[in-house]
Amino acid sequence: MPGFDIPLPAGHFIAGAYVPADEAIDVISPSTGLKVGAIACGDAQVVDQAVRAARAALARSNWGGISPRERLRALHAWADLIEAEADTLARMEAICSSRPAQQARTGDVMVTAEQIRFFAEFADKEGGHLVPTSDQAFGYISDHPYGVIGAITPWNFPISMAGWKLGPALAAGNAVVIKPSEMTPWTTLYLAELSVRAGLPAGLINVVLGDGPVTGTAITGHPDIDKVSFTGSTRAGGAIMENIARTGIKPMTLELGGKSPMVVFDDADLDLAADCLDRGIMPNAGQFCVAGSRILVARSVAEPLAEKLKARFARYAPADTLADEAGFSPIISAGQMARIDGIVQAARAQGGDVLCGGAAFDRDGSYYQPTLIAGVDHNNPAVTEEIFGPVATFQTFETEQEAMALAAHQTYGLCAGLFTRDLSRALRLTRQVEAGTVWVNRYGRSRDHILPTGGWKASGLGKDLGREAYLANRRTKSVLIDL
Ligand code: NAD
C-alpha cells in the first residue's frame, strides 16, 4: 500500500508466529473504496491448529497456575508495548476501518492499554471464598480459568473490541483463539505479535483470520474451546447460539446490537442535551453499538432542540481516516451505505421529514451525511432497525408515560439516555428503563472501566468490562469437606 510501510499479513498468527496462507478475502479502505490488501479464510483445520496451540501454550507455561502477580506483570509489559506502538497500531487501524488515526490512537489504543492494566489488576485480587456451613463441614467456592476462550469481534472499534476480550481472558488465566472481523483484521494480529514480543507465552493469543460462516462457525463449534465470547450483531449472535446448541453446549457471552433511546424532557439543559445527543450518535458516523439513534423529545422543546442539533450536525466534514486531521468517519462498506440510504429513503417516502442530511457526501469512499428524521411513526424501520450509521430519528412526546412507552424497544435493551434537571424523575426512570446501561445528563462511556457494559433482551447475554468481565472468564467450583 503506497505510503504505508507496515506489513499487512494475509495469514493467521498461531503459536507465536505468522502462518502463511492463501489470500481469500479482499480488505477495502472505506475512505477510498480501494483494496488495501487481502487475508486468508481459516477453515476448521486452521481453527483446530490454533486451539491445539492454545492448549499447548497453557500446558507449557502453566499460565493459569503461575503466581497471579506474574500474570499481572506480563500483562503490564504487554500494555507498555501497546502504548509504545500506539502510532503504528492507530495507522494500521485507520487503513481499513472507519476510525480516524488520531482518534484510534487516543481513544482506542491508549484506552485499550489502560483496560488491559485494569483487568491485570484483578488477577491477584479476585478469588474464591469461604461459605458458611455447619461446624461439621468446611465449605468453599474456588474459581478457575476455563482454558481456551474462543473470541469473535466486529469491525467497529477493532482494537478496543479485541482488548475487551483478551484483557480479562488472559488476566483470568486463559488462552484465546480470536477471530477479528474480516474487514478489519490487522490490528488484532499486531496485538498478538506484541504480546509475544512483550514476553507473554507464544500460543496464548492465536488469531485466525476469516469470515463468519466458515471461520466463526468453526470456532463456536470447536469441541475443545471452553467458552465463546462474541461481540457483533444480534443476527450473528442467534446463529452462534444455534451452532453452540447443535455442536455441544458451552457457555457464551454475547454483546449484540442496540437501538438506544435518548429522552429529553422539557426541563433539560438544552445545550448540554444537544452536545450529548450529538456525541451520542455522530462519533464513528454512528457505527457503534450504544449509538443513541432514537431521539425522543418533549414537544414544547422540540423545535429549539432540533435547531441546535442541525447546527451541530452541519459541522462535520468527512476526511480520509489516514489524514492528518481527524474528520467525520466513513461508512465501513459501500453495501452498508446502500442499506443506510435505503432505510432513510423509505422513511422519507413514508412521510418522514428529513431535517438534515439524507444523502451520501459527494466524494470518493463511503461517507453519509449526518441525518435527522422527524415525523416517522413508531413502527417505521428507521425507528425499529439498528441502522449503524449517522442517522437519528426525532420523535416527540407530551407526557412522561408516553416518553417511556416510546423509549421501550421490542427487541433491544442496550442503553438509554435521560436528560432532565429533576433528580426524582431521573432516579425513578432509571429503574423503569429496560436497558443494560442508563446515562443521565450524559451519553457515552467514561473511563470508569469498573462499570460493566452489556445488553438486556436481544442486546446480549453477559457483560464486557467491569469485574463481571473478569469473573466471566473464570468458572467456580463448590467444595464441601466433612470434618
Ligand atoms: P456481525 O455480526 O456481522 O459480525 C461480527 C463478527 O462475527 C465478525 O467477526 C463476523 O465475521 C463474525 N460472524 C458473523 N456471522 C457469524 C457466525 N454465524 N458465526 C460466527 N461468527 C460470525 O457484526 P458487524 O457488522 O461486524 O458489527 C456490527 C454489530 O456489532 C452491530 O450490531 C453492533 O451493535 C454490534 N456491536 C455490539 C457491541 C456491544 O458491546 N454490544 C459492541 C460493538 C458492536
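Details of the structure are given in the entry above.
So, here's what we can say about the structure. Since the structure is predicted, the reported quantities are computational estimates derived from the model, not experimental observations. (Residues numbered from 1 in each chain as written. Predicted model: local features only at pLDDT ≥ 70, side-chain atom pairs only at ≥ 80, totals over all residues. Heavy atoms only, no water.)

Here we look at the pairing of strand β16 (residues 391–397)
- Taking burial as the measure, the 7 residues of β16 include 6 buried ones, the bulk of the element.
- Direction of pairing for strand β13 (residues 294–298) relative to β16: parallel, over a ladder of 5 bridges. In the sheet register, arginine 294 faces β16, and the bridge partner there is threonine 393. (Buried < 20%, exposed > 50% of the residue type's maximum accessible area, 1.4 Å probe, protein only. Helix = DSSP H or I, 4+ residues; strand = E, 2+ residues; numbered from the N terminus. Pairing = 2+ DSSP bridges.)

Some words on the pattern of salt bridges
- Enumeration according to the criterion identifies 30 salt bridges in this entry.
- Across the pair aspartate 48 and arginine 52 runs a salt bridge whose closest N-O atoms are separated by 3.1 Å. Of this pair, aspartate 48 and arginine 52 both sit in helix α1 (residues 44–61), 4 residues apart, which is roughly one turn of the helix.
- Taking the relative accessible area as the measure of exposure, arginine 52 reaches 53% and is therefore exposed. (Salt bridge = Lys/Arg side-chain N within 4 Å of Asp/Glu carboxyl O.)

Structural notes on the sheet that holds strand β6 (residues 137–145)
- If you walk across this open sheet you meet the 3 strands as β5-β6-β22, and the pairing is antiparallel. Of all the strands in the sheet, the pair left with one neighbour each is β5 (129–131) and β22 (474–482). Each neighbouring strand pair of the sheet contributes to a mean axis angle of 25°, computed without reference to strand direction.
- One ladder, built from 3 bridges, connects β5 with β6; its direction is antiparallel. By the bridge assignment, valine 131 is partnered in β6 with glycine 139. (Axes fitted to C-alpha atoms, helices over the stretch in contact; angles between N-to-C directions.)

Observations regarding the nonpolar core
- Core analysis: the biggest nonpolar cluster contains 146 residues, and Trp78, Trp186 and Phe394 have the highest contact counts within it.
- In terms of residue count, the dominant contributor to this core is helix α5 (residues 158–171) (8 residues).
- Taken domain by domain, this core gets at least three of its residues from each of domain 1 (12–256 + 460–482) and domain 2 (261–451). (Core = buried A, V, L, I, M, F, W, Y, C linked by side-chain atoms within 4.5 Å. Domains from an automatic or database assignment.)

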